[in-house]
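Understanding the architecture of this molecule
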Amino acid sequence: MRIEEEIIGGVVYKKYIIEESDLATQEQRDTWEVVCQSCEHVQEDGTCGACGYIREALMNLVTSTCPEGKW
């Protein structure tokens, strides 16, 4: 992930640029989803009951982690 900073009117604006290498592979996401489907915190609406995040969004980055430490 690259961070670009720009100062406008004395305010620092940061732009976070996600690169291909920052994204989890489909294999990683599939493995994580199998773990989530067997978890007691999985919600029918696609969120994680432990952290409240939408699981699909949570699993996008290679550095993502389960809030319960399961992956």
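Treat the numbers as computed from the prediction; the structure is a model and nothing was measured.

On to the overall build of the protein chain, then. Looking only at helices and strands, the protein chain features two helices and two strands. On C-alpha atoms alone, the protein chain measures out to a radius of gyration of 16 Å, which is more than a quarter above the 11 Å that the 2.2 N^0.38 rule sets for 71 residues. With respect to the principal axes defined by its C-alpha atoms, the protein chain has extents near 50 × 25 × 20 Å. Counting every position in the protein chain, which comprises 71 residues, the buried fraction comes to 20%. Pairs at least 24 apart in sequence give 34% of the contacts found in the protein chain among residues at least 6 apart. A total accessible area of about 5400 Å² is found for the protein chain, and carbon and sulfur atoms account for 51% of it. Once the 6 positive and 14 negative side-chain charges of the protein chain are each reduced to a mean point, those two points are 4 Å apart.

Across all of its chains, the model carries one cavity of 30 Å³ or more by this definition. Taken as a whole, the largest cavity holds about 80 Å³ of empty space. Contributing to the lining of the largest cavity are Cys 36, Cys 39, His 41, Val 42, Cys 48, Arg 55, Leu 58, Cys 66, Pro 67, Lys 70 and Trp 71.

Inspection of the secondary structure assignment puts Ala 50 in the loop between helix H1 (26–37) and helix H2 (55–58). For the pair formed by Ala 50 and Cys 66, sequence separation is 16 residues and the distance between their alpha carbons is 9.0 Å. Discounting chain neighbours no more than four positions away, the residues touching Ala 50 are His 41, Pro 67 and Glu 68.

The rules we used
Throughout this document, residue positions are counted from 1 along each chain, in the order its sequence is written. Two thresholds apply to this predicted model, a pLDDT of at least 70 for residue-level local features and 80 or more for giving and counting side-chain atom pairs, whereas whole-chain, interface and lining totals are computed over all residues. Hydrogens and water are ignored here; the side-chain numbers use all heavy atoms of the structure. The way it works is that DSSP assigns letters per residue, a run of H or I at least four long becomes a helix, a run of E at least two long becomes a strand, and they are numbered from the N terminus. We compute the radius of gyration from the C-alpha atoms alone; for a globule the expected value is 2.2 Å times N to the 0.38, where N is the number of residues. Buried means the residue's accessible area, taken with a 1.4 Å probe over protein chains only, is under 20% of the maximum for its type, while exposed means over 50%, and partly exposed covers the values in between. Working rule for contacts: check all heavy atoms of both residues, and any pair within 4.5 Å makes them a contact. Areas reported here follow the Shrake-Rupley algorithm with a probe of radius 1.4 Å; residue values treat only the protein chains shown as occluding. Counted as positive: Lys and Arg. Counted as negative: Asp and Glu, with His and the chain ends omitted from the count. Charged side chains are reduced to one point each, which is NZ for Lys, CZ for Arg, CG for Asp and CD for Glu. A pocket, in this scheme, is an open set of points on a 1 Å grid over the protein atoms alone with protein on both sides within 12 Å along at least 5 of 7 lines, while a cavity is a set where a 1.4 Å probe fits but cannot get out; residues line either one if an atom lies within 4 Å of a point. Grid points are joined across faces, edges and corners, and a volume is the space filled by probe spheres set on the points.

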